[in-house]
Amino acid sequence: MAVPRAKTSKARTKRRQTINMKLTAPTLVKCSNCGNLIMLHRVCPKCGFYRGRQVITPESNG
């Protein structure tokens, strides 16, 4: 059985762990109705359309 020659330092352990902790930006697509950038599988907050249908009535800002 393999046995480590020396203890793994805290810095080396944390450096290895941080590789998997990176945040990724969400994938944005254009709304097919108004062209606003939205996340996948979400209703467009600007026009209220989802998959070519009016799902909600958007609230006016003002």
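These lines cover the structure that appears in this document, whether it is placed above or below.

Rules used in this analysis
- In this convention, every chain numbers its residues from 1, walking through the sequence in written order.
- For a predicted model such as this one, the threshold for reporting local features is a pLDDT of at least 70, and the threshold for listing and counting side-chain atom pairs is 80 or more; totals across whole chains, interfaces and linings nevertheless cover every residue.
- Note that the side-chain values use all heavy atoms of the structure and ignore hydrogens as well as water.
- Here a helix means four or more residues in a row that DSSP labels H or I, a strand means two or more in a row labelled E, and each is numbered from the N terminus.
- Computation of the radius of gyration draws on C-alpha atoms alone. For the globule rule, the value is 2.2 Å times the number of residues to the power 0.38.
- Remark: exposure states derive from per-residue accessible area (1.4 Å probe, protein chains only) relative to the maximum for the residue type, with buried under 20%, exposed over 50%, and partly exposed in between.
- Between two residues, a contact is recorded if the distance between any of their heavy atoms is within 4.5 Å.
- Using a 1.4 Å probe, accessible areas were evaluated by the Shrake-Rupley method; residue-level cover was limited to the displayed protein chains.
- Residues enter patches when they are more than 30% accessible in relative terms and free of salt bridges; like-charged ones are connected within 9 Å and nonpolar ones (Val, Leu, Ile, Met, Phe, Trp, Tyr) within 5 Å.
- Throughout this description, the term salt bridge denotes a Lys or Arg side-chain nitrogen within 4 Å of a carboxyl oxygen of Asp or Glu.

On to the overall build of the protein, then. For the protein, the count of helices and strands is 1 helix and 4 strands. Its helices and strands in sequence order give the protein the pattern α-β-β-β-β, from N to C terminus. The C-alpha atoms of the protein give a radius of gyration of 23 Å, which is well past the 11 Å a tight globule of 62 residues would have. Overall size of the protein, expressed as C-alpha extent along the three principal axes, is 65 × 30 × 15 Å. Looking at the protein as a whole, 8% of its 62 residues are labelled buried. Sequence separation of at least 24 residues holds for 0% of the intrachain contacts in the protein that already meet a minimum separation of 6. Split by element, the accessible area of the protein, about 6,200 Å² in all, is 55% carbon and sulfur.

Here we take up the environment of V43. Summarising the element assignment, V43 is placed in the loop between β2 (37-39) and β3 (49-50). On the basis of relative accessibility, which here comes to 31%, the residue V43 falls in the partly exposed class. The spacing of V43 and Q54 is 11 residues in sequence and 9.1 Å in space, taken between C-alpha atoms. Filtering out sequence-adjacent residues up to four positions away, V43 remains in contact with G48, F49, Y50, V55 and I56.

Here the phi dihedral of H41 falls at roughly 60°; this positive angle occurs in a residue that is not glycine. When you line up the elements, H41 lands in the loop between β2 and β3. Positioned with a positive phi, R51 is a non-glycine residue whose angle comes to about 50°. Along the chain, the position of R51 falls in the loop between β3 and β4 (53-54).

A word on the environment of K22. Along the chain, K22 falls in the loop between α1 (10-18) and β1 (28-30). By relative accessible area, K22 is classed as exposed at 66%. Once the C-alpha coordinates of K22 and S32 are considered, the two residues, 10 residues apart in sequence, prove to be 31 Å apart.

Here we come to a nonpolar patch on the surface. Taken together, the side chains of L28, L37 and M39 present a nonpolar region at the surface, about 280 Å² in accessible area. By secondary structure assignment, the location of L37 is in strand β2.

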